[in-house]
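# Understanding the architecture of this molecule
Listed below are the residues making up each chain.
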Amino acid sequence: MKNYSLNKIFLSAGQLFMIGLLSLTVSCKDEPARITGDVLPEGEMIKGHYYDGHILNTQNISRTKDGGNVRTDDATYGIIGTFEDPVFGPTKADFVTDFSIGRRVFFDIDSIYGLSLTTGNDTVYKNDDKGFQYYQFDNNNGDPRFPYDEWILDSLVLNMQYQFNNWYGDMLSEQNIKVYELTTPLGLAGVDQYYNDHEMKGLYNPIAIGEAVVHPNNEVPDSLKNADVWGDGLWDNPVDLWSDPSYLWDVAKVDTVMDNSFNGHTTQIKNWSIKLDEDRAREFFELDENTLSSTAAFKSFFNGLYITADIASNETGTGSLTKINLLSGDNVATNLSMHISRKYKYWKKQEDNTYEIIDSTVKQIPYSFPINLENVRFNRYSHDLNDAIKLDDPSTDKLYIQGMAGSYMRLQLPEEVLTWVDSIGNPAQAEPFNAIDYHMVSNVEFYMEAAMDSADVARYPIPGRLTIKWPNDKGELVDPIYQIVVNGNEVSVPVFGTTDSQGNSVGSGERVSRLNENGDIEYLYRFIMRADYFNYIMRYEDGAGLDEKEFFIGPENTTANFQRVILYSGSEDNEQVSKGGENVDKRMKMNVKYYQYRPR
């Protein structure tokens, strides 16, 4: 990428001073500012202007059309489910991961070496822990002459954890989750690359080792569900539905119904637990110390899991997508969990040197195989876009933006803007200052309005932010940045977005809202192109012209974001525009604030 030096771009301290005045000169569309008199030397003038109405060239595109794909490895979230989207069409998501061994000291051993418990005239002994293997699960001694503690395998369980509101679609629609074991290793995290269309055929055992029918928040007991909410009125209070887990059940019953299964379900953390095959669990239980000595050794025994889902066979709903927290942390428990019982035996020695077990206690011992940064984890997504969504059509009136490597918007700057840019002069040359008034852009805004009413947004929450990308030399979509040289140091600067006085990034795809004339909320997305890029870098570009430069807009973190939004397009050539429809003024536009500088 070409570097640009500010030493060359900014000619003088006086021009830097002008740039600092931008916020004063263009503060209002209807009242352009004019600074003269005591602020500038006699004969000089700055006059603010607001030039709107630039219709943008936009199209719908598919991220995966014609064999395209998107990298989805190093995933923080695993999205799972099948969703028959009524607008976008069917979507399916599943994920693949391997596991680590967790902490190496498996058990909290409360060893009692030679301790005697005196009860009346008898002395009762507990077996000591000599010979106990700290780094394996099966510690059964097998000596029938001596009452060693007994180690019992209970189960091997896959736990998948999610936030109560991290789902999309139909919450009551049941899905059948199936868990398959991989037959080949996944490689090294951060080294091996995986994509949304990774072919799984032949990479896993087709016989599932675990299966469960679930839906989001299905662990809330039937005795506590609020029938008034979980029926047709599920969407009566959508704000509460997404923000308050107690909305999903009748809180009044919590204090009156003794239901142990409800314990903890009032929290925002939810969990699906799927018991895995007993034979495979037994093999885990019998692992030796060498296999459990490191994650690498453990991966040689267990390659990982492929976890997928389909709408349940008896289900008539549209399905849903759920975002699973993958990486382990203080509040995250997506893991494989080995459940073991240790049966402590207390005994006394008989006169004939035999042993009589007089008591025993049982302690439940869980052990977790977590998912960490050292683990390979990736998502798989597939979409079958609705035929009504026209791809690569510049005359479409709606733009359909979808996460999970789905549909994107392609945007190109309008020809009139490019022509206008070419005419406003080059600040690195002195001639324009001597010959004509000089114009400098202070702000370039892209406003994109959501074509969804409040009911649609309540049913399908739209992304809180969109991102804008452009292709690099390899054709990969990356964040738009350019390099400049400041005092001899190369600095990367984003093309879009600014920083406020508190250091927060603003104007880079942020969602904003307003009230329309009916008092209803309308949503827009705003991008601000940095003025220095528009003023300077666009005139230094070599090779392809800006009329060929493409920007691509989609949800933030598209590989782990199941939300979607419909926007009005910027097209001037569609049926809605030709008929003068009511939404003509909602077309996507680019607004330019600039000032006019007249040197003396």
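Here the structure is shown first, and the text comes after it.
Everything quoted here is computed from the prediction, not taken from an experiment.

## What about empty space enclosed by the protein?
In the structure shown here, the tally under the stated rule is 3 cavities of 30 Å³ or more. Looking at the largest cavity, its volume works out to about 50 Å³. Along the walls of the largest cavity sit Ile80, Gly81, Gln175, Ile177, Val214, Pro216, Trp272, Ala309, Ser320, Leu321 and Thr322, which together make up its complete lining. Taken together, the elements giving at least two residues each to the lining of the largest cavity come down to β5 (77-85), β11 (175-181) and β15 (319-325). Among the elements that take part in the lining of the largest cavity, β15 stands out by supplying 3 residues, more than any other. Of the residues in the lining of the largest cavity, the class split is 7 nonpolar, 4 polar and no charged. In this structure, the second largest cavity encloses a volume near 40 Å³. Residue lining of the second largest cavity: Phe83, Asp85, Thr91, Tyr168, Leu321, Gln402, Met404, Phe562 and Arg564, and that is the complete set. Its residues assigned to classes, the lining of the second largest cavity shows 5 nonpolar, 2 polar and 2 charged.

## Considering the packing of aromatic side chains
Throughout the structure, instances matching the rule amount to 28 aromatic pairs. On the numbers, 4.6 Å between centres and 40 degrees between planes, the contact of tryptophan 167 with tryptophan 242 is tilted. Of this pair, tryptophan 167 sits in strand β10 (residues 167-169) while tryptophan 242 is found in helix α5 (residues 238-243), placing the two residues 75 residues apart along the sequence. Judged by centre distance (5.1 Å) and plane angle (75 degrees), the rings of phenylalanine 284 and phenylalanine 302 are edge-to-face. Taken as a pair, phenylalanine 284 in helix α6 (residues 278-285) and phenylalanine 302 in the loop between α7 (295-301) and β14 (305-311) lie far apart in primary sequence, 18 residues in all.

## Remarks on the layout of surface pockets
Think of a ball as big as a water molecule: rolled over the atoms, this probe shows where empty space is left. For the largest pocket, the calculated volume is near 760 Å³. For the largest pocket, the lining is made up of 28 residues, of which Arg63, Asn69, Val70, Glu476 and Leu477 are closest to its centre. Of all the elements in the fold, those that place two or more residues in the lining of the largest pocket are β4 (57-62), β20 (407-412), β22 (466-471), β23 (477-478) and β30 (551-555). Ranked by residue count, the leading element in the lining of the largest pocket is β22, at 3 residues. Broken down by class, the residue content of the lining of the largest pocket amounts to 9 nonpolar, 9 polar and 10 charged.

## Focus: the side chain of lysine 586
Position of lysine 586 relative to the elements: it lies in the loop between α12 (575-578) and β32 (589-598). Taking the relative accessible area as the measure of exposure, lysine 586 reaches 18% and is therefore buried. Only 3.0 Å separates the side chain of lysine 586 from the side chain of glutamate 522, close enough to count as a polar contact. Beyond its immediate stretch of four places on either side in the chain, lysine 586 contacts Glu449, Arg514, Glu522 and Tyr568.

## Brief notes about the environment of glutamate 289
In this structure, glutamate 289 sits in the loop between α6 and α7. Residue classification places glutamate 289 among the partly exposed residues on the basis of a relative accessible area of 29%.

## Some remarks on unusual backbone geometry
The backbone of aspartate 392 shows a phi angle near 55 degrees, a positive value even though the residue is not glycine. When you line up the elements, aspartate 392 lands in the loop between β18 (377-383) and β19 (398-402). Residue aspartate 392 is classed as partly exposed on the basis of its relative accessible area, which comes to 32%. Within the chain, alanine 405 stands out as a residue other than glycine whose phi angle is a positive 60 degrees. Looking at where alanine 405 falls in the secondary structure, it is placed in the loop between β19 and β20.

## What about the side chain of serine 341?
Within the element layout of this structure, serine 341 appears in strand β16 (residues 335-349). Side-chain polar atoms of serine 341 contact the side chain of aspartate 154, separated by 2.7 Å. What serine 341 contacts, discounting residues up to four positions off in sequence, is Glu150, Trp151, Ile152, Asp154, Val362, Lys363 and Gln364.

## Things to note about the nonpolar core
By size, the foremost hydrophobic cluster in this structure holds 43 residues, and its most contacted members are Leu411, Phe446, Met448, Met529, Ile553, Val565 and Leu567. With sequence-adjacent residues up to four places away left out, leucine 567 is seen in contact with Asp397, Lys398, Leu399, Ile401, Met448, Glu449, Ala450, Ala451, Leu466, Tyr525 and Met588. Ranked by size, the runner-up nonpolar core spans 39 residues in total, among them Ala75, Val214, Leu326 and Ile371.

## A word on α6
All of the buried residues along α6 are Arg280, Ala281, Phe284 and Phe285. Angularly, the buried residues of α6 cover 150 degrees about the axis, an arc narrow enough to put them on a single face. Taken together, the buried residues of α6 touch β9 (150-163), β11, α7, β16 and β17 (355-370). The N-capping residue of α6, defined by a side-chain oxygen 3.1 Å from the backbone nitrogen of aspartate 279, is aspartate 277.

## Some points on the pattern of salt bridges
Taken as a whole and judged by the stated rule, the model has 16 salt bridges. The partner of glutamate 278 in a salt bridge is lysine 275, with the nearest N and O atoms 4.0 Å apart. Lysine 275 sits in the partly exposed class, given a relative accessible area of 48%. Arginine 280 serves as the salt-bridge partner of glutamate 283, at 2.3 Å between the closest nitrogen and oxygen. Of this pair, glutamate 283 and arginine 280 both sit in helix α6, separated by 3 residues, roughly a single helical turn. Accessibility expressed as a relative area gives 39% for glutamate 283, which makes it partly exposed. Taken together, the shared-partner salt bridges in this structure form one network comprising Glu449, Arg514, Glu522 and Lys586.

Parameters and conventions
- Residues numbered from 1 in each chain as written.
- Predicted model: local features only at pLDDT ≥ 70, side-chain atom pairs only at ≥ 80, totals over all residues.
- Heavy atoms only, no water.
- 1 Å grid on protein atoms, 1.4 Å probe; cavity = no way out; pocket = protein on both sides within 12 Å on 5 of 7 lines; lining within 4 Å.
- Points joined across faces, edges and corners; volume = space filled by probe spheres on them.
- Helix = DSSP H or I, 4+ residues; strand = E, 2+ residues; numbered from the N terminus.
- Nonpolar A, V, L, I, M, F, W, Y, C, P; charged D, E, K, R; others polar.
- Phe/Tyr/Trp six-rings, centres within 6.5 Å; stacked < 30°, edge-to-face > 60°.
- Buried < 20%, exposed > 50% of the residue type's maximum accessible area, 1.4 Å probe, protein only.
- Polar contact = N/O pair within 3.5 Å; in protein donor to acceptor, adjacent residues only side chain to side chain.
- Contact = heavy atoms within 4.5 Å.
- Core = buried A, V, L, I, M, F, W, Y, C linked by side-chain atoms within 4.5 Å.
- Arc of directions from axis to C-beta.
- Salt bridge = Lys/Arg side-chain N within 4 Å of Asp/Glu carboxyl O.

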